[in-house]
Each structure stands twice: as structure tokens, then as C-alpha cells.
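Chains, contacts and geometry: an overview
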Amino acid sequence: EIMEGRHYERNQLIFNVGFVLKPPTTGIPGENDGAAVYQRAALQVVETVKTLELEERFLSDAKRKRDLLRIIESVVVQLQGRRRCEVRINEAHTLHITIDTPRVGNQVKATVGPCDVPVLVSEVIGDTVDLTIRRILPFMDGIRHTKRIADMSGVDLDLVQLAVGSMVDQGFVKLADMFQYHNKYTVTPDIRRLVEDPGLRSACPRAVADLASEHRTLSVQTLFALYCELRPSLRVSDFCNAHRMQLRGVSIRRFVMFGIINGLIRRVHQVPVYIPGSESSVTEPDSTPAEVLAMDGHRTLDDLAVSQGKPSRWLENAAAQHPRCLVLFK
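Residues numbered from 1 in each chain as written. Predicted model: local features only at pLDDT ≥ 70, side-chain atom pairs only at ≥ 80, totals over all residues. Heavy atoms only, no water.

To continue, consider the confidence of the model for the protein chain. Summary statistics for the protein chain give a mean pLDDT of 83 and a share of 87% for residues scoring 70 or more. Note that pLDDT drops below 50 for residues 25-33; the model gives that stretch ten contacts with residues more than four away or on any other chain. With pLDDT under 50 throughout, residues 103-108 is counted as low confidence; its partners more than four residues away or in other chains account for nine contacts. (pLDDT = per-residue confidence, 0-100. Contact = heavy atoms within 4.5 Å.)

Once that is clear, we can look at the side chain of E291. By the secondary structure assignment, E291 is in helix α11 (residues 290-293). Buried within the structure, E291 lacks any salt-bridge partner; its nearest side chain of opposite charge belongs to K310, at an N-O separation of 4.1 Å. (Helix = DSSP H or I, 4+ residues; strand = E, 2+ residues; numbered from the N terminus. Buried < 20%, exposed > 50% of the residue type's maximum accessible area, 1.4 Å probe, protein only. Lys, Arg positive; Asp, Glu negative; His and termini not counted. Salt bridge = Lys/Arg side-chain N within 4 Å of Asp/Glu carboxyl O.)

Where charged atoms from two side chains of opposite charge come close, those side chains can pair. Per the counting criterion, the structure on display carries ten salt bridges. Taking the shortest distance from any N to any O, the salt bridge between R235 and E316 comes out at 2.6 Å. Taken together, the positions of R235 in the loop between α8 (220-228) and α9 (236-242) and E316 in helix α13 (residues 312-321) put the pair 81 residues apart, joining distant regions of the chain. You'll find R235 and E316 in the same group, each marked buried. Each of D177, R267 and D302 takes part in a single network of salt bridges with overlapping partners.

What follows is about a nonpolar patch on the surface. A grouping of I275, L326 and L328 is seen on the molecular surface, where their side chains present a nonpolar patch of about 260 Å² in accessible area. One can find I275 in the loop between β9 (270-274) and α11. (Patch = residues over 30% accessible without salt bridge, like charges linked within 9 Å, V, L, I, M, F, W, Y side chains within 5 Å. Areas by Shrake-Rupley, 256 points an atom, 1.4 Å probe, with all protein chains shown as cover.)

Further remarks concern the side chain of H322. By the element assignment, H322 lies in the loop between α13 and β10 (325-329). At 3.0 Å, the side chain of H322 and the backbone nitrogen of R324 are in polar contact. (Polar contact = N/O pair within 3.5 Å; in protein donor to acceptor, adjacent residues only side chain to side chain.)

Between helix α4 (residues 146-153) and helix α5 (residues 157-169), whose axes approach to 9 Å, the crossing angle comes to 120°. The pairing of α4 with α5 is recorded here as oblique in orientation. Considering how the two elements wind past one another, α4 and α5 form a crossing that is right-handed. Across the interface between the two elements, T146, K147, I149 and A150 from α4 touch L157, V160 and Q161 from α5. For the contact of α4 with α5, a count of residues per class yields four nonpolar, two polar and one charged. (Axes fitted to C-alpha atoms, helices over the stretch in contact; angles between N-to-C directions. Parallel < 35°, antiparallel > 145°, perpendicular 65-115°, else oblique. Left-handed = near helix turned anticlockwise from the far one by under 90°. Nonpolar A, V, L, I, M, F, W, Y, C, P; charged D, E, K, R; others polar.)

Glancing now at the packing of aromatic side chains. Applying the stated criterion across every chain yields a total of three aromatic pairs. For the pair Y227 and F255, a centre-to-centre distance of 4.0 Å together with 10° between the ring planes defines the contact as stacked. Of the two residues, Y227 is situated in helix α8 and F255 in helix α10 (residues 252-261); the sequence distance between them amounts to 28 residues. Grouping residues by exposure puts Y227 and F255 together as buried. Relative to F255, the ring of F239 lies with its centre 6.0 Å away and its plane at 20°, an arrangement referred to as stacked. Taken together, the positions of F239 in helix α9 and F255 in helix α10 put the pair 16 residues apart, joining distant regions of the chain. Of the residues examined, F255 reaches a relative accessible area of 0% and is grouped as buried. Through a chain of ring-to-ring contacts, three or more aromatic side chains come together here, namely Y227, F239 and F255. Positioned over the ring face of W314 is K310, at 4.5 Å from the centre of the ring. (Phe/Tyr/Trp six-rings, centres within 6.5 Å; stacked < 30°, edge-to-face > 60°. Lys NZ or Arg CZ within 6 Å of the ring centre and 35° of its normal.)

Tracing the sequence through the fold places V45 in helix α1 (residues 33-56). Since its relative accessible area comes to 5%, V45 is described here as buried. Each C-alpha atom of the pair V45 and V17 lies 7.2 Å from the other, and the pair is 28 residues apart in sequence. In contact with V45, not counting residues within four places along its chain, are V17, L95 and I97.

Before going further, it helps to spend a moment on the pairing of strand β4 (residues 94-98). Here five bridges tie strand β3 (residues 84-88) to β4, and the two strands are oriented antiparallel to one another. Across the sheet, R88 pairs through a bridge with T94, a residue of β4. The turn linking β3 back onto β4 is made up of five residues. (Pairing = 2+ DSSP bridges.)

A word on α13. Turning to α13, its buried residues are S312, L315, E316, A318 and A319. One side of α13 carries all its buried residues, which in axial view fall inside an arc of 165°. In this structure, α13 carries A320 and Q321 as exposed residues pointing more than 90 degrees from its buried face. (Arc of directions from axis to C-beta.)

The next point concerns the environment of K310. Structurally, K310 can be placed in the loop between α12 (301-308) and α13. Accessibility expressed as a relative area gives 30% for K310, which makes it partly exposed. In the structure, K310 is positioned 19 residues away from E291 in sequence and 8.7 Å away in space, judged by C-alpha atoms. Among residues more than four places away in sequence, those in contact with K310 are E291, A305 and L315.

Below you can see the structure in the form of C-alpha cells.
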């Protein structure tokens, strides 16, 4: 950037802003697209610094160099850790930068289903806050699923899914499933991160604590052992009954949510399949409900419940009682 003025030596002030990136290593077409994202971020820094120079001689005043170093260091540290930054420069200026996740080749945005629950993991800032996101943010409480958010906000479901997918891609949101006491969960291989990752070890006890309880927060070792007790055959309600004493001071909803969004556990979904057939030894009810006929083996109980407006437990019982229905677990 070149700034001209008689108060500058040789009537000009020249400065550059750049990011040093690792070279691509896979050779996949489109991998270099990420450089364009950082180029836009560099231009944001240039424009901010240029404004500060015009207003306060931020660059040309030698006494301000320490402030400049602090700002640059803050930008680098925050971008490396979170791919976004919010650096307060003074009372009038704050630098906001968001690094969009580069997409390789034909990679698409995160797929968001009607029954997915978006969970905000950081403040949505910068140019990402479009009209749709502004309308749905007040309804994103970590409990409501995407279709419910669409209904309450008055925004088309397709637009809500695109907006949530965009926030997932940029790291503002993670997806969870609908919390229900008849759900089943099991640990993933990443459960070891709860022991190995200092950040998770520190965050877990606070994140799962029942804020209304007088009991003290559990240790990471106890929480790790509790996560390992989750099994594909065990409902959350049965898990709570079996470990009632150990779970004092723990919010079971927050316990499950923390495990899901950090990849420590996963949902064991039920997928019902209706198998039509001709006359056989199996006696079929005179009229098969439409809800059962829709059980095609491609959708989970949660998907069917949201699309049909029926409780998932009702659908589970209907599938279990119908002679031509099977329930798969995955």
C-alpha cells in the first residue's frame, strides 16, 4: 500500500501486509484456493491500518510501533487457533477477520438435516452475519432442531439449512442430535482425547456442570469413566438410573452435548424398515399406518419424527409392534 503526504519522507509511506502459508502438499485441484481467503484477510488488515494512519499516524509515529506489534501478534495467534480474530485497537476501532474454510475440488458445505441441532461454539462475527443468520440466531439455543428453528423464525427450511451449514463450515457452529432420554450413545476412538488434550481436560468439568446443583464438579477421571459406560444397548434414562450417585452435580444434557460436539461419543441411531410382502405366514394388520409405510430404511427415527410431526418414541413403538418392520442400529 502506498500513502502519499508531504509529512512523509520522500512524500510517501509504503507498507505491506502478508501471511506466510504452508505450500499445498496433495496436488488436489483447488487446494490453492485457500490462499485467496488469506489474501482477503490481508486486505482487511491493510484497510484498517490505513484508516488508523490517516486518523492517528499509527504507522509513521515511531512511538506506536509497540501497539502495531501487539496487534499483529494478536491477529496471528487468534487466526492460528480459531481461524478468526477480534482485536480491539482503541475505543473507535476493532479488527474483525474470519478465515473461511477453503473447499477442495467439488467439496460442498456441511450437510445439515431437518433434525440436526445447531450448537453455537463461538460468537458469529464479521461478514458472515447475513439476513438469514440474523433471523435464526435468536432461536439457536442448542436444543431446537433445524426445522423447529425454521418454523419459529419464519424462514424457509432450505435457507436455514444453508445458513447453518455455512456457520458449521466456518467453525461457529457444531451439529448435535436431538437430546432425548430414550437415546442411545457409545464412545468413539477419540474418547482418549479427554485424557490427552489439556484443553478438553480443562473445559469438560465446567461444560457439563449442573449450574443449579450444589454438588461440586466431578474430576476428569470420573467423567471419562462415565463416558465409557455409555453403550449401544443402554438408553440415557437407564444410564442415569445406573449412575445416579456419580452424576450428582452433572447436567446430563450438557454431558451428552459436550461429548457429541467434541467427537467423544456418537449417537446410535435407529433406522426402521418396513418390508412389504404378499400373503405369508405373517399376519399383517388390516391397515398399516402411513407413518410405518414411510419407514424405508434410509431415514432414522429422528428424521421420520421431525418430517411427520410424531414423537420418535411413538414411531419406535409402532415399528416394534408391526410384524413387517425391522429396526436397524447404526
